[in-house]
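The primary structure of each chain is shown beneath.
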Amino acid sequence: EAGVTQFPSHSVIEKGQTVTLRCDPISGHDNLYWYRRVMGKEIKFLLHFVKESKQDESGMPNNRFLAERTGGTYSTLKVQPAELEDSGVYFCASSLGTALAKNIQYFGAGTRLSVL
Amino acid sequence: AQKVTQAQTEISVVEKEDVTLDCVYETRDTTYYLFWYKQPPSGELVFLIRRNSFDEQNEISGRYSWNFQKSTSSFNFTITASQVVDSAVYFCALSEGWDYNKLIFGAGTRLAVHP
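Rules used throughout
Residues numbered from 1 in each chain as written. Chains lettered and ligands numbered in written order. Predicted model: local features only at pLDDT ≥ 70, side-chain atom pairs only at ≥ 80, totals over all residues. Heavy atoms only, no water. Helix = DSSP H or I, 4+ residues; strand = E, 2+ residues; numbered from the N terminus. Rg over C-alpha atoms; globule rule 2.2 N^0.38 Å. Contact = heavy atoms within 4.5 Å. Areas by Shrake-Rupley, 256 points an atom, 1.4 Å probe, with all protein chains shown as cover. Lys, Arg positive; Asp, Glu negative; His and termini not counted. Charge placed at Lys NZ, Arg CZ, Asp CG, Glu CD. Pairing = 2+ DSSP bridges. Axes fitted to C-alpha atoms, helices over the stretch in contact; angles between N-to-C directions. Buried < 20%, exposed > 50% of the residue type's maximum accessible area, 1.4 Å probe, protein only. Salt bridge = Lys/Arg side-chain N within 4 Å of Asp/Glu carboxyl O. Polar contact = N/O pair within 3.5 Å; in protein donor to acceptor, adjacent residues only side chain to side chain.

Student: Which parts of the structure should I look at to understand the overall build of chain B?
Tutor: Along its length, chain B carries zero helices and 12 strands. Reading chain B from its N end, one meets helices and strands in the order β-β-β-β-β-β-β-β-β-β-β-β. Over its C-alpha trace chain B gives a radius of gyration of 14 Å, about what one expects of a compact globule, namely 13 Å for 115 residues. Taken along its principal axes, the extent of the C-alpha atoms in chain B is 45 × 25 × 20 Å. Summarising the internal contacts of chain B: among those between residues at least 6 apart in sequence, 56% fall at separations of at least 24. Carbon and sulfur atoms make up 48% of the accessible area of chain B, which amounts to about 5,600 Å² in all. Here chain B holds 10 positive side-chain charges and 14 negative ones, and the gap between their average locations is 2 Å.

Student: How should the sheet that holds strand S7 (residues 65–68) of chain A be read in this particular structure?
Tutor: Pairing between sheet strands relies on hydrogen bonds along the backbone, with the strands arranged either parallel or antiparallel. Residues and elements named next belong to chain A. Here we have four strands laid out as an open sheet, ordered S1-S3-S8-S7, and antiparallel in their pairing. Both outer strands of the open sheet, strand S1 (5–7) and S7, are each paired with one neighbouring strand and no more. Within the sheet, the average angular offset between the axes of one strand and its neighbour, ignoring direction, is 15°. As judged from the five bridges shared by strand S3 (residues 19–24) and strand S8 (residues 75–79), these two strands associate in the antiparallel manner. For Cys23, the partnering residue across the bridge sits in S8 and is Ser75.

Student: Sorry if this is basic, but what is going on with the side chain of Arg69 of chain A here?
Tutor: All names here are of chain A. Tracing the backbone through its elements, the reader meets Arg69 in the loop between S7 and S8. One buried charge, Arg69, has no salt-bridge partner; the nearest side chain with opposite charge is Asp30, at 5.8 Å. In this structure the side chain of Arg69 is engaged in a polar contact, spanning 3.0 Å, whose partner is the backbone oxygen of Gly72. At a separation of 2.8 Å, a polar atom in the side chain of Arg69 contacts the main-chain carbonyl oxygen of Thr73. If near-sequence neighbours (up to four positions away) are discounted, Arg69 is found in contact with Pro25, His29, Asp30, Asn31, Leu32, Phe49, Val50, Lys51, Glu52, Tyr74 and Ser75.

Laid out in structure tokens, this is it:
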């Protein structure tokens, strides 16, 4: 069974440009989460989808960030326009939507974003 | 306020030594979950264990063991007879409530095991 996959693994862009990160969750996982780790700091929650609906977007830093999950499968996270402080590693995680699954979140390898 | 503290930034040991990674958490909820994840050089976070707030039993899995103590709000992780393959960054995390809530992470502890 394939794990959580994220594309690209690394992105280097200039300040002011737009970048779109993609996450493919484990097949059948209704819950999809985005997190990011800014250099030297903790991994911080960004938002949580249940299928195609945003369940919790309290961690989104500002309106330059837009997350979508059309059809409840893969998700994209767009940063427009990118700023220097957006640099970091963006992680995606997914989990099953049943009590038996015990809300174990499985993570991808992350996308390292460098804004120059 | 919810918070997870991993006071050890980096630990360096020699192979076969035992090592304990500390994790202290803060929460006002009576229902919560605690997790440990491993991040090897490849980058992905690998799930190791999940423990709920009503289960204080310690757990052992091979060379790994976890000590959950509500009295001290700690969930420490011990690796016995460490190996080079254990070298990684280890994260402790907290999730509050029964729902599929976000994880609150500690800053991570980088473990280097030398041959």
